[in-house]
Structure formats: structure tokens, C-alpha cells
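Chain by chain, the residues:
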Amino acid sequence: FGLQHIANNLMSGLLITLERPVQPGDFVKVADFLGTVERVGGRSTQVRTLDNVTILVPNSRFLENEVVNYSHGDPTTRLHVPVGVAYGSDLAAARTALLEAARSHPGVLADPPPQVQLLGFGDSSLDLELLAWTRDPSTQLTLRSDLYFRIEAGLRRAGITIPFPQRDLHL
């Protein structure tokens, strides 16, 4: 059985080398890991995570499981930044605050332009989502955090509160 796994990974490595679905420098998501492909070997591929840890991924996993390759073809990717605002909030002002947060960040592309969508009516909030495009997918976690800081400041300036779940208990 051990030889089957070795043969499977060697054949997978050969296919990866020929087809090139992943190559060194690509930013990928494999299972729960986000990172940059460092090297594609015969049996495994080295992926350096955002925590600067090297993960050795058997080549067969790249062919048998879903792998998100943010760099394949066009590295431009869209971020989804969900935000809830309190019921009774001025949605136009909330939309303006979210768009301003995106437009003022240098990591967000002007074209395609950022958008705000109303996703629905939650238990304790009006659920909005900021959609913003970036050209560098490896910075998406930092960019999302930066946008949240800017959104929170913009909503506070506009007098819009971010709700928290409240429950009434009657005895």
C-alpha cells in the first residue's frame, strides 16, 4: 500500500509538472492552508503559509481535492467584507461609509469599482457586504482587516452603530 501512495504522488507530480495547474510563486489555498508555492517536487509540493511555515503537500492532493489557485491566470480577486448595521440606520450613509473605506485604501482597485450589497435582514442587523477588488491575493487577510478598521471609523463618524445580539428573557 505504501508503494501505491508513492507511485500515486510521483504520477501526480509528473502531471502537475506537465499541466502546470500550480507552479512556484502561485498563491494557493489547500485544505485550510493559504500560502505561496515554493517548489514542486516529484512526490510533494512545498507551500509556505502566511505564518511563514512550510507545509509539504503530497502531489496527489492537488489533483484529488479542490485547490484554489489565486494566481492562476489573472491574480485579480474580489474580497467579500460582511458588515451588519443596526436596524433604523441610514442605509445610504452606511453604503457611503463602506465605499469610502474601500476607495481610500491603496490596495483596493478603482476598476472594477467597489460595491455594497444589502444581503438581507438578520436577527439583530441589516446585513451589508462590501465587495472590493485587489490585484495581490496574498495580502487579502491584511486588506480585509484594514478595511474593517476603516469601516468601523467611517460608521462611527456617520453615527451608525454595529449591533450585537440581544435577547430578552421573560420569567
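This text goes with the structure placed above it.
Now for a description of the structure that goes with this document. (Residues numbered from 1 in each chain as written. Predicted model: local features only at pLDDT ≥ 70, side-chain atom pairs only at ≥ 80, totals over all residues. Heavy atoms only, no water.)

## Examining the overall build of the protein chain
Part 1 of the argument: Counting secondary structure elements, the protein chain contains 4 helices and 8 strands.
Part 2 of the argument: Counting from the amino terminus, the protein chain carries its helices and strands in the arrangement α-β-β-β-β-α-β-β-α-β-β-α.
Part 3 of the argument: A buried classification covers 36% of the 171 residues belonging to the protein chain.
Part 4 of the argument: Surface accessibility of the protein chain: about 10600 Å² in total, with carbon and sulfur atoms responsible for 54%. (Helix = DSSP H or I, 4+ residues; strand = E, 2+ residues; numbered from the N terminus. Buried < 20%, exposed > 50% of the residue type's maximum accessible area, 1.4 Å probe, protein only. Areas by Shrake-Rupley, 256 points an atom, 1.4 Å probe, with all protein chains shown as cover.)

## Regarding the sheet that holds strand E1 (residues 27-30)
Part 1 of the argument: The 5 strands lie next to each other as E4-E3-E2-E1-E5, forming an open sheet whose pairing is antiparallel. The strands lining the two open edges of the sheet, one partner per strand, are strand E4 (54-58) and strand E5 (67-69). Across the sheet, the axes of successive neighbouring strands diverge by a mean angle of 40°, strand direction being ignored.
Part 2 of the argument: Relative to E4, strand E3 (residues 44-49) is paired through 5 bridges, and the arrangement is antiparallel. By the bridge assignment, Thr45 is partnered in E4 with Val57. (Pairing = 2+ DSSP bridges. Axes fitted to C-alpha atoms, helices over the stretch in contact; angles between N-to-C directions.)

## So, the packing of aromatic side chains
Part 1 of the argument: With the rule as written, the count across this model stands at 1 aromatic pair.
Part 2 of the argument: Between Phe27 and Tyr70, the aromatic rings sit 5.7 Å apart at their centres with planes inclined by 40°, giving tilted as the arrangement. Placement of the pair is Phe27 in strand E1 and Tyr70 in the loop between E5 and strand E6 (77-85), with a sequence separation of 43 residues. In this structure, Phe27 and Tyr70 share a single accessibility class: buried. (Phe/Tyr/Trp six-rings, centres within 6.5 Å; stacked < 30°, edge-to-face > 60°.)

## Things to note about the packing of helix H3 (residues 91-103) against helix H4 (residues 140-157)
Part 1 of the argument: Contact pair H3 / H4: the axes reach a minimum separation of 9 Å and the direction vectors enclose 140°. Relative to H4, the element H3 lies oblique. Between H3 and H4 lies a crossing whose hand is right-handed. Two secondary-structure elements touch here, H3 through Ala94, Ala97, Leu98, Ala101 and Ala102 and H4 through Leu147, Arg150, Ile151, Gly154 and Leu155.
Part 2 of the argument: Its residues placed into classes, the contact of H3 with H4 shows 8 nonpolar, 1 polar and 1 charged. (Parallel < 35°, antiparallel > 145°, perpendicular 65-115°, else oblique. Left-handed = near helix turned anticlockwise from the far one by under 90°. Contact = heavy atoms within 4.5 Å. Nonpolar A, V, L, I, M, F, W, Y, C, P; charged D, E, K, R; others polar.)

## Focus on H4
Each α-helix winds once per 3.6 residues, and so residues spaced three or four apart point in a common direction.
Part 1 of the argument: Taking 1.5 Å per residue, 18 residues should reach 26 Å; H4 reaches 25 Å between its end C-alpha atoms and fits that length.
Part 2 of the argument: Burial in H4 covers these residues: Gln140, Leu143, Leu147, Ile151, Gly154 and Leu155. What you see down the axis of H4 is that its buried residues fit within an arc of 95°, all on one side. Of the exposed residues in H4, the ones pointing more than 90 degrees away from its buried face are Thr142, Phe149 and Arg156.
Part 3 of the argument: Looking at the packing, one finds that the buried side of H4 touches E1, E6, H3 and strand E8 (126-134). (Expected span 1.5 Å × (residues − 1). Arc of directions from axis to C-beta.)

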